[in-house]
Amino acid sequence: MGRPVAIIGVGQTKHGRRMDVSYPDLVREAVVAVFNETGLTPNDIDGVVSGTMPSMMEGIALTHFYFADAMQAAGKPIMKTETCGSTGVSIAHTAYYWVASGMADLVLAVGHEKMNEGNSQATMTTVAEPFYQRYFISGAPGVFSMQSQMWMDRYNIPEEKIRDAAAFISVTHHDDAFDNPYAHIKMKVTMDEVKNARIITYPVRLLDVCPNSDGACAVIFASKDMVKKLGRKPAWVKGVGYRGEEYFFGDSDKVVWESAIQAAKQAYDQAGIKDPRKELDVAEVYNPFTFQEMLFYECFGFCEPGESPDMVLKGTFTRKGELPCDPSGGTLCTNPIGATGLIRVAEAALQVMGKAGDHQVPKAKLALSHAMGGVDQFNGIMILGSKL
Amino acid sequence: MEAKEYKTIKTEIRLPYELAYGATWTRFFEGLKNKTIFGTKCTKCGRILVPARSFCPRCFVDTDEWVEVSQVGTLIAWCYTNYKYFGMPTEPPFIGSLIRLNGTDVNFLHLMGGFDLNNFDEVKKIIKSGMKVEAVWSDDRKGHIMDIKYFRPL
Ligand SMILES: [Zn+2]
């Protein structure tokens, strides 16, 4: 795994509809936050990594140039990483590789998106080529709806049970978001409201879906020497995993979903994790859709295939459950896409540093963060721990 | 955060593209024009891939054995789409569907149709994963994926 690497500080913007700031000013808000938090200055940083959704989302190409000043990147090595929804975890991986390789001691990773300025699903559709798939994909919800159905059929899970479990996830995450000062959607929802919400792409209804958020997140990755020198309580990177899939949606199985399974396995092997549900204290699973969150639980070995709706309804993954998942309210309540994966990483880091505030999971020592991108194409994991 | 106080600028980017199909897609779309669906067979893993491919994504070998595949298959998954976004190429409501055409080894992505799509409760009575389906052709075929209008329940 190269040299030991730790996260020593995170900064987030208030996420939401942020038409009060221009895009570079939004990015700067997160960057200033992480410098304030760590006491570091731009001069201390050896390199900068940034990333967004595909440029169709931004309306401006080459955003790492557009945000160079906001990220204080002039005169430093700079890299852009872009993997659609998993961009944020890819940014974290890129920063990690840079420090692990010995090429840098302090790297600033910044993820950002202004979803309200563009059109997210029109952008998502451009991920599919216009020969064939683009006509049928209907943005992200369409893909995930088909995946959910295949999962339901494969394990003969009664539709009603899945519907209840998905509604339960929506209700608990919406409640959790009230304790996260940066979360976008803060509203009480009931099981009945979720189950009767407008159909977006059946079985996915409005309250099963994440919002369009504006927001940015900045994280500083440091070498072991630098952690010692700064004397800060870090979150150590214990494992990283990333996998992609074949291009065409119909070519590979999305129920026994290899990119999710293998990305987790790679990270678990590095971290020495054998029984994730017992060993992990908290997980920030990328959950833009309630149904998909349950599939991830299974792919990550939190439970057996087909078992997650029962476990969800038992409360296994709530804040007081055996393995709390998305105590921040997760992607379901806040989704500035290019930042979202990095927010998962940042939230996992805050948990093991004991700095998650009102949504702190008591005594969390080992945390998983995750993001998914493309037409069910990419999955990335980063595991963080309080001890090296 | 009172957005109303601050100004915004409306802008749009329009760029023309001309994308090359290459030989394999060209032949596949010519097939659709003639009401035939072509796949290619990988001689290494034996899978029949549809739409036709120039190479097998798993074996990384050329797939130049052409096979006309069945226009009948099984509905694997479907998604009733009831929302709209800018530039959406298909008018909602529509049913994006994964279909396993008989004798092939991957799922073919297309639409389900041939019945009234406006009332979802009615749609849900008709459409079931695992049902047999058949391609319905457009009368005005241009060598395009929408030369197949949709798949209808059998
Ligand atoms: Zn092959």
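The coordinates are above.
Worth saying up front: this structure is predicted, and the values here are computed from it rather than measured. (Residues numbered from 1 in each chain as written. Chains lettered and ligands numbered in written order. Predicted model: local features only at pLDDT ≥ 70, side-chain atom pairs only at ≥ 80, totals over all residues. Heavy atoms only, no water.)

A.B. asks: Can you break down the sheet that holds strand β2 (residues 48-49) of chain B residue by residue, with the values?
C.D. replies: Adjacent strands of a sheet pair through backbone hydrogen bonds, lying either parallel or antiparallel. Residue and element names in this part refer to chain B. Here we have three strands laid out as an open sheet, ordered β2-β1-β3, and antiparallel in their pairing. The open sheet has two free edges, formed respectively by β2 and β3 (65-69), since each of these has just one partner strand. Examined bridge by bridge, strand β1 (residues 37-41) and β2 share two bridges and lie antiparallel to one another. When the sheet's bridge partners are listed, T40 is paired in β2 with L49. (Pairing = 2+ DSSP bridges. Helix = DSSP H or I, 4+ residues; strand = E, 2+ residues; numbered from the N terminus.)

A.B. asks: Can you explain the sheet that holds strand β8 (residues 235-244) of chain A? Please cite residues and give values.
C.D. replies: Residue and element names in this part refer to chain A. Sheet architecture is open: nine strands sit in the order β3-β2-β4-β7-β1-β8-β11-β10-β9, paired in mixed fashion. Strand pairing shows two members of the sheet lacking a second neighbour, β3 (78-80) and β9 (282-284), which therefore form its edges. Averaged over all pairs of adjacent strands, the angle between their axes in this sheet comes to 25°, without regard to strand direction. Of the pairings in the sheet, the one linking strand β4 (residues 106-114) to strand β7 (residues 214-223) comprises nine bridges and is antiparallel in character. In the sheet register, A109 faces β7, and the bridge partner there is V219. Strands in contact with helix α10 (residues 258-271) are β8, β10 (366-373) and β11 (378-385); relative to β8, the strand with the most contacts, it is inclined by about 150°. (Axes fitted to C-alpha atoms, helices over the stretch in contact; angles between N-to-C directions. Contact = heavy atoms within 4.5 Å.)

A.B. asks: Pulling in residues and values, what's your account of the packing of helix α4 (residues 87-100) of chain A against helix α15 (residues 337-353) of chain A?
C.D. replies: To characterise two packed helices, one gives the angle between the axes of the helices and the distance between these axes. All names here are of chain A. α15 packs onto α4 with a crossing angle of 60° between their chain directions and a minimal axis gap of 5 Å. Comparing their axes, α15 and α4 come out oblique. In this structure, α4 contributes T87, G88, V89, I91 and A92 to the contact, and α15 contributes G338, G341, L342 and V345. Looking at side-chain class alone, the contact of α4 with α15 contains five nonpolar, four polar and no charged residues. (Parallel < 35°, antiparallel > 145°, perpendicular 65-115°, else oblique. Nonpolar A, V, L, I, M, F, W, Y, C, P; charged D, E, K, R; others polar.)

A.B. asks: An account of the coordination of the zinc ion is needed here, citing residue identities and associated values.
C.D. replies: All names here are of chain B. Looking at the zinc ion, the protein donor atoms are C42 (SG), C45 (SG), C56 (SG) and C59 (SG), and they sit 2.3 Å from it. For the zinc ion, the four donor atoms are set out with angles of 103 to 115° between them, so the coordination reads as tetrahedral. The motif formed by the donor residues of the zinc ion, counted along the single chain, is C-x2-C-x10-C-x2-C. Of this pair, C45 sits in the loop between β1 and β2 while C59 sits in the loop between β2 and β3; the two residues are 14 residues apart in sequence, bridging distant segments of the chain. Exposure remark for C45: the relative accessible area of 37% places this residue in the partly exposed category. (Donors = N, O, S within 2.8 Å, 3.2 Å for Na, K, Ca; no water. Tetrahedral: all angles 85-135°; square planar, octahedral: opposite > 155°, others 65-115°. Buried < 20%, exposed > 50% of the residue type's maximum accessible area, 1.4 Å probe, protein only.)

A.B. asks: An account of a nonpolar patch on the surface is requested, with residue identities and associated values reported.
C.D. replies: Residue and element names in this part refer to chain B. Where nonpolar side chains cluster on the molecular surface, the patch consists of I13, L15, Y17 and L19 and spans about 480 Å² of accessible area. Along the chain, the position of Y17 falls in the segment before α1 (22-33). Y17 sits in the exposed class, given a relative accessible area of 64%. (Patch = residues over 30% accessible without salt bridge, like charges linked within 9 Å, V, L, I, M, F, W, Y side chains within 5 Å. Areas by Shrake-Rupley, 256 points an atom, 1.4 Å probe, with all protein chains shown as cover. Salt bridge = Lys/Arg side-chain N within 4 Å of Asp/Glu carboxyl O.)

A.B. asks: So what's going on with the interface of chain A and chain B? Which residues, and what values?
C.D. replies: Taken together, the contact between chain A and chain B spans 39 residues of the former and 45 residues of the latter. Summed over the shared surface of chain A and chain B, the number is three salt bridges. One salt bridge connects R53(B) with D251(A), and the closest N-O pair in it is separated by 2.7 Å. Counting across the chain A and chain B interface gives 17 residue pairs in polar contact (both at pLDDT 80 or more). Sort the elements by how many residues they give to the side of chain A that touches chain B and helix α6 (residues 139-154) of chain A lands first, with eight residues. Taken together, the residues that form the side of chain A that touches chain B break down as 16 nonpolar, 13 polar and 10 charged. (Polar contact = N/O pair within 3.5 Å; in protein donor to acceptor, adjacent residues only side chain to side chain.)

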